[in-house]
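Fold and geometry: a report
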Amino acid sequence: MARITAGITTSHVPAIGAAMDLGKTAEPYWAPLFRGYEFSRRWIAEHTPDVIFLVYNDHASAFSLDIIPTFAIGCAESFQPADEGWGRRPVPVVQGHPELAAHIAQSVIQQDFDLTIINRMDVDHGLTVPLSLLFGQPAAWPCRVIPFAVNVVQYPPPSGQRCYQLGQALRRAIDCFDEDLDVQVWGTGGMSHQLQGPRAGLINQPFDREFMDRLVSEPDALARKPHIDYVRLAGSEGIELVMWLIMRGALDATVREVYRFYHVPASNTAVGHLILENGGVQQP
Ligand code: DHB
Ligand code: FE
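Sequence order sets the numbering: in each chain, residues are counted from 1 along the sequence as written. All chains are assigned letters beginning with A, and all ligands numbers beginning with 1, in the order in which they are written. In view of the model being predicted, local features appear only for residues whose pLDDT reaches at least 70, and side-chain atom pairs are presented and counted only at 80 or more, with totals across whole chains, interfaces and linings using the full set of residues. In computing side-chain values, all of the structure's heavy atoms are included and hydrogens and water are not.

Let's talk about the overall build of the chain
- Looking only at helices and strands, the chain features ten helices and ten strands.
- Each radius of gyration is computed over the set of C-alpha atoms, and the globule rule expresses the reference value as 2.2 Å times the number of residues to the power 0.38. The C-alpha radius of gyration of the chain comes to 17 Å, within 12% of the 19 Å expected for a compact globule of 284 residues.
- Taken over the C-alpha atoms alone, the chain extends approximately 50 × 40 × 40 Å along its principal axes.
- Categorising residues by exposure relies on relative accessible area from a 1.4 Å probe, with only protein chains included: less than 20% of the type maximum marks a residue as buried, more than 50% marks it as exposed, and the intermediate range marks it as partly exposed. The proportion of buried residues among the 284 residues of the chain is 57%.
- By sequence separation, contacts in the chain at least 24 residues apart represent 81% of the contacts at least 6 residues apart.
- The Shrake-Rupley method, run with a 1.4 Å probe sphere, supplies the accessible areas, and residue values consider only the shown protein chains as cover. Of the accessible surface of the chain, which amounts to about 11700 Å², a share of 50% is contributed by carbon and sulfur atoms. Numbering of helices and strands runs from the N terminus; a helix is a DSSP stretch of H or I covering at least four residues, while a strand is a stretch of E covering at least two. Should any heavy atoms of two residues lie within 4.5 Å, those residues are considered in contact.

Next comes the structure, spelled out in structure tokens:
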């Protein structure tokens, strides 16, 4: 059977991708950030999964503001890096897993979550930057990736509670896929940041640190945080953090924290990163 072995969270700041693509990672501004991912690159080389279920948000790249699905699952064979206005990032094409994606779609939809099925889509920095941070610059990504896009761009976003419950439904779906696959769930975006308006540049370190603590140790309570608290305390783009709760809902009630990194700032954003391993007590 398929099994979820670990969850990873990481921010997706586009300038991180640009720093890698333009060979600037050793510059003084960037070096401390990339040092924070050295452990993770060694860890993932030893724990490369067969499939990553990658929860991210599209930034009006694949979906224009004409149509914005709340939850969308990528069921295609492959996904091209999106052109976000300055050409496609020079990163590999993402290879999907249509069979597992179709199974998850049918299972999660039958568990009463409305997913939009996407058979063709380009993937933007929300998905490619996390892959670059963990895998560097390979000729091909070392595993399959199922993109799962969440609307945190246009009001109203889904609540943290809804995202957490979706993660639990995802867990039940993956657990009954009849193929021996090692699956990781990644929750990306965040942490505190605001890109626009009078509060542009807002970062809230105490909020971020408490969020990471509670994500690990008391996710049930954290999931009840109302969406307005994210916006007020972590900035308008801090709402991206609800995606981390999908990852956490898909893991065991008790997890092992393998690694944590927090760095301020990268561009306008507080960068947070966690590696959590399953192996504790399964959720009821
Ligand atoms: C930045 C952060 C984001 O999450 C994003 O989608 C775009 C830009 C930034 O900090 O520059
Ligand atoms: Fe973003």
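Remarks on the coordination of the iron ion (ligand 2)
- The donor definition counts N, O and S atoms within 2.8 Å of each metal and applies 3.2 Å to Na, K and Ca; water is not among these atoms, so some sites may look incomplete. Looking at the iron ion (ligand 2), the protein donor atoms are His12 (NE2), His59 (NE2) and Glu240 (OE), and they sit 2.1 to 2.3 Å from it.
- The sequence pattern describing where the donors of the iron ion (ligand 2) fall on their chain is H-x46-H-x180-E. You can see His59 sitting in the loop between strand E2 (51-56) and strand E3 (71-74) and its partner Glu240 sitting in the loop between helix H9 (227-234) and helix H10 (242-249), a full 181 residues away along the chain.
- His59 gets classed as partly exposed once you look at its relative accessible area, which sits at 24%.

Brief notes about the environment of Ile109
- Looking at the element boundaries, Ile109 is found in helix H4 (residues 98-110).
- A residue is classified by how much of its surface remains accessible, and Ile109, at 31% relative accessible area, is partly exposed.
- For the pair Ile109 and Ala169, spaced 60 residues apart in the sequence, the C-alpha separation amounts to 9.2 Å.
- For Ile109, the contacting residues outside a window of four places in its chain are Ile104, Leu115 and Ile117.

Section: the environment of Asp50
- Within the secondary structure layout, Asp50 lies in the loop between helix H3 (38-46) and E2.
- A residue is classified by how much of its surface remains accessible, and Asp50, at 36% relative accessible area, is partly exposed.
- Sequence separation between Asp50 and Ala266 is 216 residues, and the spatial gap between their C-alpha atoms is 30 Å.
- Those residues in contact with Asp50, other than ones at most four positions away along the chain, are Cys143, Arg144, Asp180, Leu181 and Asp182.
- Think of a polar contact as two N or O atoms within 3.5 Å of one another; within protein, one of them needs to be a possible hydrogen donor and the other a possible acceptor, and neighboring residues in sequence only count if both atoms come from side chains. A polar contact is formed between the side chain of Asp50 and the backbone nitrogen of Asp182, at a distance of 2.7 Å.

Focus on the nonpolar core
- Phe53, Ile73, Ile104, Phe148, Phe211 and Ile246 are the most contacted members of the largest nonpolar core, which totals 55 residues.
- With seven residues, the single largest contributor to this core is helix H6 (residues 160-175).
- Setting aside residues up to four positions removed in sequence, Phe148 forms contacts with Phe53, Leu54, Val55, Tyr56, Phe71, Ala72, Ile73, Leu115, Leu166 and Ile246.
- Here, the term nonpolar core denotes a set of buried Ala, Val, Leu, Ile, Met, Phe, Trp, Tyr and Cys residues that are joined through side-chain atoms within 4.5 Å. Core analysis: the next-biggest nonpolar cluster, separate from the first, contains 41 residues, Phe79, Ile118, Trp141 and Trp186 among them.

Structural notes on the site of ligand 1
- Residues in close proximity to ligand 1 include His12, Val13, Pro14, His59, His125, His193, Leu195, Glu240, Ala266, Ser267, Asn268 and Thr269, which together make up its full environment.
- Separating an oxygen atom of ligand 1 from a side-chain N or O atom of His193 is a distance of 2.9 Å.
- In the environment of ligand 1, an oxygen atom lies 3.0 Å from a nitrogen or oxygen atom belonging to the backbone of Asn268.
- Computed on the free molecule, ligand 1 has an accessible area of 290 Å², of which 88% lies beneath the protein chains in the complex.
- Only Asp, Glu, Lys and Arg are considered charged in this grouping, and only Ala, Val, Leu, Ile, Met, Phe, Trp, Tyr, Cys and Pro are considered nonpolar; every other residue, Gly among them, is considered polar. Of the residues in the shell around ligand 1, the class split is four nonpolar, seven polar and one charged. It suffices for a single heavy atom of a residue to lie within 4 Å of a molecule or strand for the residue to be listed as near it.

Considerations on unusual backbone geometry
- In this structure, Pro156 follows Tyr155 across a cis peptide bond, with omega equal to 5°.
- Position of Pro156 relative to the elements: it lies in the loop between strand E7 (144-150) and H6.
- Cis geometry is found at the peptide bond from Gly190 to Met191, where omega equals -5°.
- In this structure, Met191 sits in the loop between strand E8 (182-188) and helix H7 (205-217).
- A positive phi angle, near 60°, is found at Ala60, a position not held by glycine.
- Mapped onto the elements of the fold, Ala60 is located in the loop between E2 and E3.

Considering the sheet that holds E2
- Spatially, E6-E3-E7-E2-E8-E1-E10-E9 is the arrangement adopted by the eight strands of the open sheet, whose pairing is mixed. The open sheet has two free edges, formed respectively by strand E6 (116-118) and strand E9 (256-266), since each of these has just one partner strand. Averaged over all neighbouring strand pairs, the angle between strand axes comes to 20°, with direction disregarded.
- Pairing of E3 with E7, which is carried by three bridges, proceeds in the antiparallel orientation. Directly across from Ala72, in E7, lies its bridge partner Ala149.
- Think of each axis as a best-fit line through the C-alpha atoms, taken over the contacting stretch in the case of a helix, with angles from 0 to 180 degrees between the N-to-C directions. Across the sheet, H7 touches strand E1 (3-10), E9 and strand E10 (269-277), and the angle it forms with E9 is around 165°. At least two bridges found by DSSP between two strands are what make those strands a pair.

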